[in-house]
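Remarks on the overall topology
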Amino acid sequence: MSTIEDLVATGAISRIEVELDGREQAQRLLYGTPGFIEWLRKLVSGEEPEGRVGQATAAEQIDQLFHAFLIGAPLIHIRQFRYVRAESNAVWELKTPDTRIFGWFMKRDCFVCVFGDWADKVKDHDLYRGYRIAIRRLRRELGVDDTLCVQGVDPGDVLSV
């Protein structure tokens, strides 16, 4: 059985932080796997989807979403986050107009980003099942049990208001 501290100590996940202004405090936690952090670095260096939908760049979209998530702002269910399949230990996705981020909630208000991809690619190739299976496998390999995985699929189970 792993703890969050164990996962961080072994390098399985790293904390993701976004610059907050002086009056803001983080109300939620974000972590990323090494593969996700690498994807995020490419995004920050300017990688963009072929047919961008959003007005902001993909990096700006992620920054805005992560900022809202971390400060505890309300997120719109289905539009900004949703579960991939209704099941215990569900895999969730965080969404922007151009990106999809797949992972799971270790506990309420604490999300682990495992895979990032372009929204059009995920939809065009129906990659949801593959990401769900890969994340479930990763959790088993890391020794993540029910104590580090939110069981519910109701938005209130994973995010406080």
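These notes cover the structure that comes with them. (Residues numbered from 1 in each chain as written. Predicted model: local features only at pLDDT ≥ 70, side-chain atom pairs only at ≥ 80, totals over all residues. Heavy atoms only, no water.)

1. Describing the packing of aromatic side chains
We apply this condition: Ring geometry is summarised as follows: Phe, Tyr and Trp rings, the Trp one being its six-membered ring, pair when their centres sit within 6.5 Å, and such pairs are stacked at plane angles under 30 degrees, edge-to-face over 60 and tilted between the two. Working rule: Lys NZ or Arg CZ, within 6 Å of ring centre, within 35 degrees of ring normal, means a charge sits over the ring.
Here the structure, examined in full by the defined rule, presents 11 aromatic pairs. Here Arg28 stacks its cationic end above the ring of Phe69, 5.4 Å away from the centre of that ring. Positioned over the ring face of Tyr128 is Arg82, at 5.1 Å from the centre of the ring.

2. Looking at the side chain of Arg139
Cut-off, in case you're wondering: Helix and strand definitions follow DSSP, with helices as H or I runs of at least four residues and strands as E runs of at least two, each counted in order from the N terminus. Relative accessibility under 20% of the residue-type maximum defines a buried residue, over 50% an exposed one, and the middle range a partly exposed one, all with a 1.4 Å probe and only protein chains included. Charge counting treats Lys and Arg as positive and Asp and Glu as negative, with His and both chain ends excluded. Here a salt bridge means any side-chain nitrogen of Lys or Arg lying within 4 Å of a carboxyl oxygen belonging to Asp or Glu. Two N or O atoms form a polar contact when they lie within 3.5 Å of each other; inside protein one atom must be a possible hydrogen donor and the other a possible acceptor, and for residues adjacent in sequence the pair counts only when both atoms belong to side chains. Pairs of residues are marked as contacts when any of their non-hydrogen atoms sit within 4.5 Å.
By the element assignment, Arg139 lies in helix H5 (residues 128–142). Despite its burial, Arg139 pairs with no opposite charge; the closest candidate is Glu87, at 5.9 Å N-O. A distance of 2.5 Å separates a polar atom in the side chain of Arg139 from the backbone oxygen of Asn89. If we skip the residues at most four places from it in the chain, Arg139 touches Asn89, Ala90, Val91, Trp104, Val144 and Cys149.

3. Section: the packing of helix H2 (residues 34–44) against helix H3 (residues 58–70)
For the record, the criterion: Here, axes are lines fitted to C-alpha atoms. For helices the fit covers the stretch in contact, and angles between N-to-C directions go from 0 to 180 degrees. Oblique is the label for any angle not covered by the other classes, which are roughly parallel (under 35 degrees), roughly antiparallel (over 145) and roughly perpendicular (65 to 115). Under this grouping Gly is polar, as are all residues other than the nonpolar Ala, Val, Leu, Ile, Met, Phe, Trp, Tyr, Cys and Pro and the charged Asp, Glu, Lys and Arg.
Their axes nearest at 8 Å, the elements H2 and H3 cross at an angle of 125°. Taken together, the axes of H2 and H3 are oblique relative to one another. Between H2 and H3, the residues in contact are Phe36, Trp39, Leu40, Leu43 and Val44 and Ala58, Ala59, Ile62 and Phe66, respectively. Broken down by class, the residue content of the contact of H2 with H3 amounts to nine nonpolar, no polar and no charged.

4. Notes on the sheet that holds strand E6 (residues 110–118)
Formally: Strands are treated as partners if at least two bridges between them are detected by DSSP.
Reading across the sheet, the six strands line up as E1-E2-E6-E5-E4-E3 and stay open at both edges, with mixed pairing between neighbours. With one partner strand each, in any of the chains shown, strand E1 (14–16) and strand E3 (81–83) form the two edges of the open sheet. Ignoring which end each strand starts from, the neighbouring axes of this sheet average 35° apart. Examined bridge by bridge, E1 and strand E2 (residues 29–32) share three bridges and lie antiparallel to one another. Note on E2: the bridge partner recorded for Ile16 is Leu30. On top of the sheet, H2 reaches E1, E2, strand E5 (99–107) and E6; it is set at about 55° to E6, its chief contact.

5. Details of the nonpolar core
Let me state the cut-off plainly: We call a set of buried Ala, Val, Leu, Ile, Met, Phe, Trp, Tyr and Cys residues a nonpolar core when their side-chain atoms join them within 4.5 Å.
Ranked by internal contacts, the top residues of the largest apolar core, which has 28 residues, are Leu30, Phe36, Phe66 and Phe111. Elements that contribute at least two residues to this core include exactly H2, H3, strand E4 (92–95), E5 and E6. Here the element with the most residues in this core is H3; it accounts for seven residues. Not counting the four nearest positions on each side in its chain, Leu30 is found in contact with Ser14, Arg15, Ile16, Phe66, Phe69, Leu70, Leu94, Phe111 and Cys113. Formed by 20 residues, the second largest nonpolar core is a distinct cluster that contains Trp104, Met106, Tyr131 and Cys149.

6. Brief notes about the side chain of Asp109
Among the secondary structure elements, Asp109 is positioned in the loop between E5 and E6. Only 2.5 Å separates the side chain of Asp109 from the side chain of Ser160, close enough to count as a polar contact. Here Asp109 is in contact with Gln27, Arg28, Leu29, Phe69, Val158, Leu159 and Ser160, once residues within four sequence places are set aside.

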